[in-house]
Amino acid sequence: MVHIKIPRVSKRWMIFSVTANGTFMSTLSAGIVAIALPTMSSQFNVPLANIQLIVSLYLLVLTSLLPVFGKLSDMYSRKWMYLGGFITFGVGALGAALSNSLTTMLLTRAVQGIGSSAMMATSQALIAQVFHGSSRGKAFGAIGAVVACGSLAGPAIGGALIQAWGWRSIFWLTIPICILGVWRGIYLIPRFKGTPRLKMDYPGAIFFTLMSFCFLYALNTATARGWTSVPILSLFILSLFLFIGFIWREKTSSHPFVGLSIFKIPTISYGYVIAVLGFTSLFTNSVLLPFYLTDIMHLDPFSIGMLMLPFPLTLALASAWSGALCTRWPARVITTVGFSFLIISTLLFACIGPWAGAGYIVLAQLIMGLGSGLFQVPNNTTVISAAPKDKLGVVASINALARNVGTIGGIALSVAVCVAVQHYTQTCGYEPQHAFIAGYRAAMLLGTAFAVGGGILSLSRK
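Everything numeric in this text was worked out from a predicted model, so none of it was measured.

On to the environment of Thr335. Tracing the chain through its elements places Thr335 in helix H15 (residues 331-350). You can call Thr335 buried: its relative accessible area is 0%. Taking C-alpha positions, Thr335 is 7.5 Å from Gly455, a pair spaced 120 residues apart along the chain. Apart from the residues within four sequence positions on either side, Thr335 is in contact with Leu374, Phe375, Pro378, Asn379, Ser458 and Arg461.

Next comes the structure, spelled out in structure tokens:
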């Protein structure tokens, strides 16, 4: 019998498969839950405005805690931080499956947000510790493809499950995936040692977490409540004071929570800003396009789903492709090309009218997916590669935070601009259909502006 020794590269990709498992589950869950909201609204007998909290609370908790878990992963074992997130997410899924009220559902979704935050904060750092050199770009490209596949499969799988077994089935599905992921992770992921000399600055962590939550909550709800309403303005002002408190604590603490020194590394600071600009540009279209397809093109839900498919499909292919390109071309070249495609796609949507056909929508979606995949992977790779070894978790978690801030900001700003322009044009005598198109165009021009800013910044960095 011939003994075949498994190369280290195979071991690395086995470890990668565990992180891919968690990433796919998180993105899959997000898409599935969004599909289930109308059914939950009917069963819990609550309006749409309240049922949306199931999604927004999850995202807010996840985003606000990212740096906390990133710091903890630098201090302790990154392996058990990641697997602990897996377990917590599964416990939250079990609670959600058994929920009989909106309050219970919100609590369990918050638990899932905590678990997902722990996984997201440590997954990129795990990949960076396992992969080195040219293989790191390929790994980040592959994880980008996994994200796209999860986003693609979520609505389709969710719709089938809900129709066959009801909304609770979407949470029951998560539990065996969590069990499989934890079991494989115990055996495959090495026990990377933390840095014992690192200490958690709890006041700094509290300042940062509360600042993030207040700012993102205000940004997420500003359009519904009014940007100049007292609650929204109060939250923005409170987040500003918390930010000032955080900076003061960072400068005076002997063991700062984040360490402002990481922002002095140009590759990292440029990468964070590029991530915010890129994701803001991307998500100016995510909410408005389905409304255009419904109200202007008068398509049914199935046709809308089909027209939305080109973006995640192209994103998956472009992510894998850009990961390979990272071994041949400088990151700034690839990210700049990616932003160029984003500019073209947002301009195509900004020029849209009632005459647009399915071919036009598909073309714009394909170009947007290509641009997204090309800018994300090299940007992530350069940011993580520039991180000091004892701050790998913090750098990776803030990178994820930057992406989520861009996501929330893109949705909030695009809806605000669209609603404002739509209202103004209607007062000028425009018909509702033309008023919406005017608002949509204005929102997409905003997306173009963010893409231009990201492209200029990408081109100017070393």
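Looking now at helix H10 (residues 230-252). Every α-helix carries 3.6 residues per turn, so stepping three or four residues along brings you back to the same face. Helix length check: H10 (23 residues) gives 33 Å between terminal C-alpha atoms against 33 Å at 1.5 Å per residue, within 8%. Within the sequence span of H10, burial applies to Ile232, Leu235, Phe236, Ser239, Leu242, Gly245, Phe246 and Glu250.

Turning our attention to the packing of helix H4 (residues 66-75) against helix H6 (residues 102-130). The relative placement of two packed helices comes down to the angle between their axes together with the axis-to-axis distance. Relative orientation of the contacting elements H4 and H6 amounts to 55°, with a least axis distance of 8 Å. Relative to H6, H4 is oriented oblique. Crossing of H4 against H6: the hand is right-handed. For the pair H4 and H6, contact is made by Leu66, Phe69, Gly70 and Ser73 and by Ile114, Ser117, Ala118, Met120, Ala121 and Thr122, respectively. Partitioning the contact of H4 with H6 into residue classes produces 6 nonpolar, 4 polar and no charged.

Any two side chains of opposite charge can pair, so long as their charged atoms come close to each other. This model, assessed by the stated rule, comprises 1 salt bridge. A salt bridge links Arg249 to Asp201, with the nearest nitrogen and oxygen atoms 2.8 Å apart. Placement of Arg249 in helix H10 and of Asp201 in the loop between helix H8 (169-188) and helix H9 (202-225) is noted, with a sequence separation of 48 residues between them. When its relative accessible area of 22% is taken as the criterion, Arg249 is described as partly exposed.

Below, the discussion takes up the packing of aromatic side chains. In the structure shown here, the tally under the stated rule is 14 aromatic pairs. Here the aromatic rings of Phe215 and Phe236 are separated by 5.8 Å at their centres, their planes lie at 65°, and the arrangement is edge-to-face. In this pair, Phe215 is assigned in helix H9 and Phe236 in helix H10, connecting sequence segments 21 residues apart. Relative accessible area serves as the criterion here: at 33%, Phe215 is assigned to the partly exposed category. Ring centres 6.3 Å apart and planes at 15° place the aromatic pair Trp227 and Phe236 in the stacked group. These aromatic residues form a ring-pair network of at least three members: Phe279, Phe283, Phe339 and Phe375. We note Arg109 situated over the ring of Tyr58; from NZ or CZ to the ring centre the distance is 4.2 Å.

Rules of the game
- Residues numbered from 1 in each chain as written.
- Predicted model: local features only at pLDDT ≥ 70, side-chain atom pairs only at ≥ 80, totals over all residues.
- Heavy atoms only, no water.
- Helix = DSSP H or I, 4+ residues; strand = E, 2+ residues; numbered from the N terminus.
- Buried < 20%, exposed > 50% of the residue type's maximum accessible area, 1.4 Å probe, protein only.
- Contact = heavy atoms within 4.5 Å.
- Expected span 1.5 Å × (residues − 1).
- Axes fitted to C-alpha atoms, helices over the stretch in contact; angles between N-to-C directions.
- Parallel < 35°, antiparallel > 145°, perpendicular 65-115°, else oblique.
- Left-handed = near helix turned anticlockwise from the far one by under 90°.
- Nonpolar A, V, L, I, M, F, W, Y, C, P; charged D, E, K, R; others polar.
- Salt bridge = Lys/Arg side-chain N within 4 Å of Asp/Glu carboxyl O.
- Phe/Tyr/Trp six-rings, centres within 6.5 Å; stacked < 30°, edge-to-face > 60°.
- Lys NZ or Arg CZ within 6 Å of the ring centre and 35° of its normal.

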